[in-house]
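The residues making up each chain are set out below.
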Amino acid sequence: MGNHPIESLMKTAMESIQQIVDVNTIVGDPVETHDGSVIIPISRVSCGFAAGGSEFAPADDNKENVNTGGQAPALPFGGGAGAGVSVQPVGFLVVGNGNIRLLPVDGNVVVDRLIDAVPDVLDRVTGMFQKKKRPSDDIIIARD
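Residues numbered from 1 in each chain as written. Predicted model: local features only at pLDDT ≥ 70, side-chain atom pairs only at ≥ 80, totals over all residues. Heavy atoms only, no water.

**A look at the layout of surface pockets**
Stage number 1. Approximately 170 Å³ is the volume attributed to the largest pocket.
Stage number 2. Listing elements by their share of the lining of the largest pocket, those giving two or more residues are β4 (99–104) and α4 (109–132).
Stage number 3. Counting residues per element, the lining of the largest pocket draws most heavily on α4, which supplies 5 residues.
Stage number 4. A class-by-class count of the residues in the lining of the largest pocket yields 4 nonpolar, 1 polar and 3 charged. (1 Å grid on protein atoms, 1.4 Å probe; cavity = no way out; pocket = protein on both sides within 12 Å on 5 of 7 lines; lining within 4 Å. Points joined across faces, edges and corners; volume = space filled by probe spheres on them. Helix = DSSP H or I, 4+ residues; strand = E, 2+ residues; numbered from the N terminus. Nonpolar A, V, L, I, M, F, W, Y, C, P; charged D, E, K, R; others polar.)

Laid out in structure tokens, this is it:
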């Protein structure tokens with residue numbers, strides 16, 4: 001099968017999608033703030049693609065006038081292709097002060113903040129237990 005018209009439709013649509021959606025669409029360009037932190041936008045990209053077509057038989061009165069030279073006549077073709085792209089922001093990756101955090105755009109922000117706070121809470125609780133331990137607790141007094 002040679003170069004069918006549907007192939008060019010699909011190729012054109014796919015090239016257009018490729019121009020729209022690239023890595024920079026998903027992970028955006030980093031932005032540096034005045035305090036040295038770097039903010040990187042993160043997005044979710046969804047795309048869909050469809051193509052279709054049909055060949056139509058010529059009318060009965062035109063069949064006898066076609067000289068094909070032993071090959072099947074080329075049938076008229078009708079078709080189309082389409083694509084859709086959806087870009088939704090997910091959050092921002094913030095890198096700075098020795099931490100990496102994902103700040104979500106939507107969703108349950110309270111739960112996300114609690115999960116982010118767990119390491120800090122554990123460090124504080126551990127620090128409280130270490131402060132309560134006094135050096136005098138380690139001294140053993142021997143009595144005669």
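**Here we look at the sheet that holds strand β1 (residues 31–32)**
Stage number 1. Within the open sheet, the 4 strands sit side by side as β1-β2-β3-β4. Their pairing is antiparallel. Where the open sheet ends on each side, the last strands, each with one partner, are β1 and β4.
Stage number 2. Of the strand pairs in this sheet, strand β2 (residues 38–55) and strand β3 (residues 77–96) are connected by 18 bridges, and their pairing is antiparallel. From the neighbouring strand, S43 faces β3, where its bridge partner is P89. (Pairing = 2+ DSSP bridges.)

The values are spatial; any link to function lies outside them.
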